[in-house]
Amino acid sequence: MYERAVKTGGIAVVTGAASGVGRTAALRFAQAGLDVILADLPGPALDATTEDLKAGFDTVNITAVPTDVTSLGDIENLADTAFAAGQVAVLMNNAGISLPTKTWESFDNWQKILDVNFLGVLRGVHAFLPRMIEADRPAVVINTGSKQGITTPPGNPGYNVSKAAVKTLTEQLAHELREAGAPISAHLFVPGFTYTGMVASFLPEKPAAAWTSEQTVDYFLGHMAQGDFYILCPDNDVDAERDRRRVQWAAEDIIHNRPALSRWHPDYAEAFAKFEKPDD
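Okay, so let's go over this structure. Values in this document were obtained by computation on a predicted structure and should not be read as measured data. (Residues numbered from 1 in each chain as written. Predicted model: local features only at pLDDT ≥ 70, side-chain atom pairs only at ≥ 80, totals over all residues. Heavy atoms only, no water.)

**A few points about the overall build of the protein chain**
Consideration 1: Each helix and strand counted, the protein chain has 10 helices and seven strands in total.
Consideration 2: Here the C-alpha atoms of the protein chain give a radius of gyration of 19 Å, agreeing with the 19 Å that 2.2 N^0.38 yields for 280 residues.
Consideration 3: Each of the three principal axes of the protein chain carries a C-alpha extent, and together these read 60 × 45 × 35 Å.
Consideration 4: For the protein chain, buried positions account for 48% of its 280 residues.
Consideration 5: Contacts spanning at least 24 positions in sequence make up 69% of the contacts within the protein chain whose residues lie at least 6 apart.
Consideration 6: Accessible surface computed for the protein chain: about 13,500 Å², of which carbon and sulfur atoms make up 53%. (Helix = DSSP H or I, 4+ residues; strand = E, 2+ residues; numbered from the N terminus. Rg over C-alpha atoms; globule rule 2.2 N^0.38 Å. Buried < 20%, exposed > 50% of the residue type's maximum accessible area, 1.4 Å probe, protein only. Contact = heavy atoms within 4.5 Å. Areas by Shrake-Rupley, 256 points an atom, 1.4 Å probe, with all protein chains shown as cover.)

**Digging into the packing of helix α4 (residues 72-85) against helix α5 (residues 107-135)**
Consideration 1: Two numbers describe how α4 lies on α5: the axes approach to 9 Å, and their chain directions differ by 30 degrees. When the axis of α4 is compared with that of α5, the two are roughly parallel. The way α4 lies across α5 gives a crossing that is right-handed. Here L72, I75, E76, L78, A79, D80, A82 and F83 of α4 come into contact with α5, specifically with R123, G124, A127, F128, R131 and M132.
Consideration 2: Split into classes, the residues belonging to the contact of α4 with α5 amount to nine nonpolar, one polar and four charged. (Axes fitted to C-alpha atoms, helices over the stretch in contact; angles between N-to-C directions. Parallel < 35°, antiparallel > 145°, perpendicular 65-115°, else oblique. Left-handed = near helix turned anticlockwise from the far one by under 90°. Nonpolar A, V, L, I, M, F, W, Y, C, P; charged D, E, K, R; others polar.)

**Observations concerning the sheet that holds strand β3 (residues 62-66)**
Consideration 1: One open sheet accounts for seven strands, arranged β3-β2-β1-β4-β5-β6-β7; its pairing is parallel. The open sheet has two free edges, formed respectively by β3 and β7 (230-232), since each of these has just one partner strand. Neighbour-to-neighbour, the strand axes of this sheet turn through a mean angle of 15 degrees, independent of strand direction.
Consideration 2: Across four bridges, the pairing between strand β4 (residues 88-93) and strand β5 (residues 139-144) is parallel. By the bridge assignment, M92 is partnered in β5 with I142.
Consideration 3: Running at roughly 160 degrees to strand β6 (residues 184-190), helix α6 (residues 157-180) makes contact with β5, β6 and β7 of the sheet.
Consideration 4: Running over the sheet, helix α8 (residues 213-225) touches β5, β6 and β7 and is turned about 155 degrees from β7. (Pairing = 2+ DSSP bridges.)

**Describing α8**
Consideration 1: Helix length check: α8, at 13 residues, gives a terminal C-alpha distance of 18 Å against a target of 18 Å (1.5 Å per residue), a fit within 8%.
Consideration 2: Taken residue by residue, α8 has S213, T216, V217, F220, L221 and M224 as its buried positions. Projected down its long axis, α8 shows its buried positions confined to an angular sector of 125 degrees, all on one face.
Consideration 3: Residue G227 follows α8 closely and has a positive phi angle near 95 degrees. (Expected span 1.5 Å × (residues − 1). Arc of directions from axis to C-beta.)

**Examining the pattern of salt bridges**
Consideration 1: One pass over the structure, following the stated rule, counts 13 salt bridges.
Consideration 2: R131 serves as the salt-bridge partner of D80, at 3.0 Å between the closest nitrogen and oxygen. Here D80 is found in helix α4, whereas its partner R131 is found in helix α5, with 51 residues between them in sequence.
Consideration 3: Taking the relative accessible area as the measure of exposure, D80 reaches 41% and is therefore partly exposed.
Consideration 4: With a relative accessible area of 32%, R131 lands in the partly exposed category.
Consideration 5: Between R258 and D253 there is a salt bridge, with its nearest N and O atoms 2.7 Å apart. A single burial state applies to R258 and to D253, both of which are buried. (Salt bridge = Lys/Arg side-chain N within 4 Å of Asp/Glu carboxyl O.)

**Focus: the packing of aromatic side chains**
Given two aromatic rings, one states the distance between the centres and the angle between the planes to describe the pair.
Consideration 1: With the rule as written, the count across this model stands at seven aromatic pairs.
Consideration 2: Between the aromatic rings of W249 and F272, the centroid separation amounts to 5.3 Å while the plane-to-plane angle is 75 degrees, which identifies the pairing as edge-to-face. Of this pair, W249 sits in helix α9 (residues 240-255) while F272 is found in helix α10 (residues 269-276), placing the two residues 23 residues apart along the sequence. Comparing W249 with F272, the two get one shared label, buried.
Consideration 3: Consider the rings of W249 and F275, whose centres lie 5.4 Å apart with planes at 55 degrees: the pair is tilted. On the criterion of sequence distance, the pair formed by W249 in helix α9 and F275 in helix α10 is long-range, its members being 26 residues apart. Exposure class is identical for W249 and F275. Each is buried.
Consideration 4: Here the aromatic cluster, defined as three or more aromatic residues joined through ring pairs, consists of W249, F272 and F275.
Consideration 5: Here the basic side chain of R245 rests over the ring of F275, its NZ or CZ set 5.3 Å away from the ring centre.
Consideration 6: A cation over a ring is seen here: R258 above W249, with NZ or CZ 3.8 Å from the ring centre. (Phe/Tyr/Trp six-rings, centres within 6.5 Å; stacked < 30°, edge-to-face > 60°. Lys NZ or Arg CZ within 6 Å of the ring centre and 35° of its normal.)

Here you go:
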């Protein structure tokens, strides 16, 4: 569907577009010939990204729309601006944050994370999808998830819950679009360890294990063009097979009635190590 959407033309709307994978994805959509609307919080990062992209393209329109995804009014304004300019070919709900949480602590951080990471995506779906469906033209919806929303490792339960919710929402969206017969596909974009501004805030140099935003976005776009729904991106430490084994182990906690998060349970450490790397 992505190639059909690009061929048909129109606008790509990207939230969280001022840095990281959002900025790179916006660049790739412009390179594919789509007009691009950059949505992010107002400030120097959004201004710089807008100026850089405008300087690189003469044949596509680059527009910045300052947007706080926690505001329904801002998201509705973003949608109104997009549809006033044309038809939406790509909606990428990508904005996200990470704050420290524990299950029984940091309630304010829980609210902030869920408001951006999950409700920000849901607001985007509600503001854009009715008009995208009514337009009856090829389009794609990309929601940015996380491996932490699939295997849910210990450490930041608030972030995990937010991204698990994005996974479930995107699965339901894909099904409902299919049932409605809409020429729109939904895709769950799951970056691996990617060196973005969020990571750079606590790791000033790119770790060897991390991919660049360009590597991650190019991998995603290639698999989206193939029609994949679940697109788990590898990195320099975790390849696709290792990802599959980790996801399988997590799902089999339920099937085998193991303790929750048995991958990190001392009684299962040896079994998981053998499962993850059977040839070692």
